[in-house]
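Listed below are the residues making up each chain.
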Amino acid sequence: MKYGYFDDQTREYVITNPRTPVKWINYVGTLGFGGFVDHTGGLLLCKGDPALNRITKYIPQLPGSQFKGHTLYLRKRSSQGTQIFSPLFVPTLDAYDRFECRVGLGYSHFNTEFHGIKSEIRVFVPTGEAILVQEISLTNLSAEPVELDAVPLLEYTHFDALKQFMNADWVPQTMMSEVHDDGEGRKILSQFAFMNRDQRQTYFTANVKVSSFETDRRVFLGDNEYGTFQRPLSLNGPELSNSLALRGDNIAALLLPLGTLAPGETKRFVTLLTQQEGTRSESLTRARALFEKYRSHDAVTAARAAIGAEWDEYLGRVQVNTPDASMNSMLNVHNPRQCYMTKNWSRDLSLYQLGFGGRGIGFRDSSQDVMGVMSAMPEEARELIEKLLSVMKINGSAMHQFYASTMVANEGDSREAEDRPKFYGDDHLWIVFAVCSYLKETGNLSFLERVLPYYEKDKHGAPREQGTVQNHLERALEFTKTNVGRHGLPLLGFADWNDTVNLKTGAESLFVANQYGKALLDMIELCEFRGERALADRYRADYDHMRGLVNEYAWDGEWYVRYFDHDGSPIGSKKNAQGQIWTNGQSWPVISGFAPRDRAERALESVNRLLNTPNGIKLSAPGYDGFDPAKGGVTTYPPGAKENGGIFLHANPWVMIAETLVGNGDRAFEYYNQINPAAKNDVIDTYECEPYVYAQNILGNEHPLFGLARNSWLSGTASWTYQVGTKHILGVMPGYGGLEINPCIPKAWNGFSVRRQFRGARYAIEVSNPDHVSKGVRKLVVDGVAIAGNVIPAFDDNRLHTVEVTLGAVAAVGEEAAQ
Ligand code: GLC
């Protein structure tokens, strides 16, 4: 069964069958005001922190058929009698003649036909505004006149998202609704929790006449709520009851009498939802001003066009044309869009990460997310990088997570285990990659001199110490250098990237050892570019030292081990019955350059043989079979799920990078393609999640439901697959001295092209592959002139430069991994 298709012209995915295996969503607005809308109109909307200021009630755990926070009802009267249905399918579940949910950039566009009525509904949040706009147009497709009422409906939640589910007396006692008239027959409904009466209120209205309204769910559904959202009893009467909920479950329903529609006639209206601060009268004044602005269809259309223009700008920085249509769809639209969402929402709010305040901004997560938006919005990325640097500790480690609104940070799950370290072995090292990525994209090396605080505060709440960005990076490396275990390898801390392996204090992490190696390589490159020879030499010595240890202790014969436990015993070794081999244990020694060529190839062969599946590469094998507190969270999953031998997608692109480093373009692309969600469109009944975004995990082949994906949208997979696609496979990589061209592609490709903006100039890059190689730049011609090497200068002259690249056999193919 297929549920939709990619429309590359409009940059949309079009869902044509609403009965998708799970809800498929789209984001509107930002963390400042926004949320997600699902493909049947369900809406989760927040302003600011989703835990602390939630507006609509969306319970993802309810079945797909159930009302979730928002819908629109239509009531049609004709010679056939009266029909009441939702053009969004849920919750009335009527038979439809046409269903389309167009998942667009910053908007969702529903285009449906039910009972002879064509409905077009566009939902979006205008840029920078705290207002949700719905543009609705209804056309009578039948041969006779019909009378139409529209009833848009919202269900509110208590602003404190968790309390809503924890206290079923206090919450309903505090929920209040009011109505205001705008003097022209239009009504504005307001809603607030009693304690916020004088601070902030939510307002809902429409730009056409309202004949009646409802704010009390119980009255709306009728019969003591034995009426249902599918068939609300109040819609059987001519008008709603105009009741004001003084407690209980608050809704906002407006009855909009649209009158008679002649055959072929269209009627349009707009609904508007905002939340404003201040006393009731202050905020009402503000809400009215905003409503006034968006009452006109022209203003709404202009706001929609402005969103489109912003996405043009964002996506226009990098566009590709390869022989693979799914890769093109992903790299040109859907993957960078997902990167934007992960950068904006971190791990806060999705169908799977429910925004109840447990996480906030993850240090390691966001340090990786920013790299996914670096080519498109480097200065926004830098702003987030500055926040991340500001929660680093004086000793160079990092606070695990923080809340962006307050900048209050904490140590994550490690707080729950008293006898365990309070740092994560990997966190602070990610920021080295993020900063270097920013420097290479922009060339703004003065950023290194910027002074930022460390996290610890004195008794007045002022930072106890501050230092330059460069100083932050140096301390990050110093922390890993000085926190080592019995083999001299970096300590795991509470966990490394794999959050769920929590070993006893003293355990060592090979992931961190290699991540440290790559961070040292980045710092060496930076120091050399800046002429800081002494520092570069010091880092080179640290690098050689760690490389020696990794190869001395961690090589297991056919692959590298992944951890040494507190007692020095290996995890990820042939000696282990379970958890014998780990993907990150193999990809990272290649990325760090620690693995000599023969070991790099052997380790990657072992991944291919023991961990690869047609649905992606598993994180480890075999999975642990039973809870073992000595290993931690990883053993809470059945074998094949999530971090316990599941296909954890975030780790897949690291193997692809490693394959490009050894020059294996066919395999890098095979790995890329096998997890590309756009290529899953035909097996979606197994895969289940949205085909237009990456999921976090797919069940592995030890699990009976092999191939089933979950936790789509907010995953580091987005950033890394985008980086792999653009920088490592297509090989257009920003460097300090210019744009480095070093593709590693399938041999069968004849070539491809990339258009990219880079530091104030545009580049049209045409790559041809006449000899059908994977790697090796034989010839580079810039603006008609052949240049030596493979780096295009950063012209910074606001012009378009043509770049012709010819791939072919050159001596140095794949040398990097063999250094
Ligand atoms: C989740 C977490 C991330 C962690 C990964 C692997 O994606 O957000 O921080 O690295 O799981 O455990």
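Everything here concerns the structure above.
Residues numbered from 1 in each chain as written. Predicted model: local features only at pLDDT ≥ 70, side-chain atom pairs only at ≥ 80, totals over all residues. Heavy atoms only, no water.

Visitor: Quick one: what's the story with the pattern of salt bridges, residue by residue and with numbers?
Guide: For side chains bearing opposite charge, pairing can occur when the charged atoms are close. All told, the structure shown has 56 salt bridges when counted by the stated rule. Glu155 serves as the salt-bridge partner of Lys57, at 3.1 Å between the closest nitrogen and oxygen. Of this pair, Lys57 sits in the loop between strand 5 (43-46) and strand 6 (70-78) while Glu155 sits in strand 12 (residues 146-155), and the two are 98 residues apart along the sequence. You can call Lys57 buried: its relative accessible area is 10%. Glu155 sits in the buried class, given a relative accessible area of 4%. Where Asp496 meets Arg562, a salt bridge forms, and the shortest distance between an N and an O atom there is 2.8 Å. Taken together, the positions of Asp496 in the loop between helix 10 (469-482) and strand 25 (508-509) and Arg562 in the loop between helix 12 (533-553) and strand 26 (563-564) put the pair 66 residues apart, joining distant regions of the chain. With respect to class, Asp496 is no different from Arg562; both count as buried. One salt-bridge network, held together by shared partners, links Asp7, Glu12, Arg98, Glu100 and Arg102. (Salt bridge = Lys/Arg side-chain N within 4 Å of Asp/Glu carboxyl O. Helix = DSSP H or I, 4+ residues; strand = E, 2+ residues; numbered from the N terminus. Buried < 20%, exposed > 50% of the residue type's maximum accessible area, 1.4 Å probe, protein only.)

Visitor: Any details on unusual backbone geometry? Residues and values, ideally.
Guide: Backbone torsion omega between Val90 and Pro91 reads 10°, so that peptide bond is classified as cis. Relative to the helices and strands, Pro91 is located in the loop between strand 7 (81-85) and strand 8 (101-103). The residue after Ala621, namely Pro622, is reached through a cis peptide bond having omega -20°. Notably, Arg11 is not glycine yet its phi reads approximately 60°, a positive angle. Assignment of secondary structure puts Arg11 in the loop between strand 1 (4-7) and strand 2 (12-15).

Visitor: Let's hear about the packing of aromatic side chains: which residues, and what values?
Guide: Any pair of aromatic rings gets described here by the distance separating the centres and the angle formed by the planes. Enumeration over the complete set of coordinates arrives at 44 aromatic pairs. Arranged with centres 5.2 Å apart and planes meeting at 35°, the rings of Tyr13 and Tyr692 form a pair that is tilted. Of this pair, Tyr13 sits in strand 2 while Tyr692 sits in the loop between helix 17 (684-687) and strand 33 (695-698), placing them 679 residues apart in sequence. Tyr692 sits in the buried class, given a relative accessible area of 0%. Relative to Phe594, the ring of Tyr543 has its centre 4.9 Å away and its plane inclined at 55°; by these criteria the two rings are tilted. Taken together, the residues span a long stretch of sequence, with Tyr543 in helix 12 and Phe594 in the loop between helix 13 (583-591) and helix 14 (597-610) at a distance of 51 residues. Its relative accessible area of 1% is what places Phe594 among the buried residues. Lying across the ring of Tyr539, Arg538 places its NZ or CZ 5.8 Å from the centre. Above the plane of the ring of Trp559 lies Lys574, whose end atom (NZ or CZ) is 5.2 Å from the centre. (Phe/Tyr/Trp six-rings, centres within 6.5 Å; stacked < 30°, edge-to-face > 60°. Lys NZ or Arg CZ within 6 Å of the ring centre and 35° of its normal.)

Visitor: Break down the packing of helix 8 (residues 378-389) against helix 9 (residues 427-442) for me, with residues and values.
Guide: Between helix 8 and helix 9, the least distance of the axes is 10 Å, while the angle of their chain directions is 150°. Here helix 8 lies roughly antiparallel to helix 9, going by the angle between them. Handedness of the helix 8/helix 9 crossing: left-handed. Residues Pro378, Glu379, Arg382, Ile385, Leu388 and Leu389 of helix 8 touch helix 9, and the partners they reach there are Ile431, Ala434, Val435, Tyr438, Glu441 and Thr442. (Axes fitted to C-alpha atoms, helices over the stretch in contact; angles between N-to-C directions. Parallel < 35°, antiparallel > 145°, perpendicular 65-115°, else oblique. Left-handed = near helix turned anticlockwise from the far one by under 90°. Contact = heavy atoms within 4.5 Å.)

Visitor: I'd love a proper account of the packing of helix 9 against helix 11 (residues 510-530), names of residues and values included.
Guide: The interhelical angle for the contact between helix 9 and helix 11, taken along N-to-C directions, is 30°, at an axis separation of 9 Å. As summarised for this structure, helix 9 and helix 11 are arranged roughly parallel, according to the angle between their axes. Seen from above, helix 9 lies across helix 11 with left-handed handedness. Side by side, helix 9 and helix 11 meet where Leu429, Trp430, Val432, Phe433, Cys436, Leu439 and Lys440 of the first sit next to Phe511, Val512, Gln515, Tyr516, Lys518, Ala519, Asp522, Met523, Glu525 and Leu526 of the second. For the contact of helix 9 with helix 11, the per-class residue count stands at 12 nonpolar, one polar and four charged. (Nonpolar A, V, L, I, M, F, W, Y, C, P; charged D, E, K, R; others polar.)

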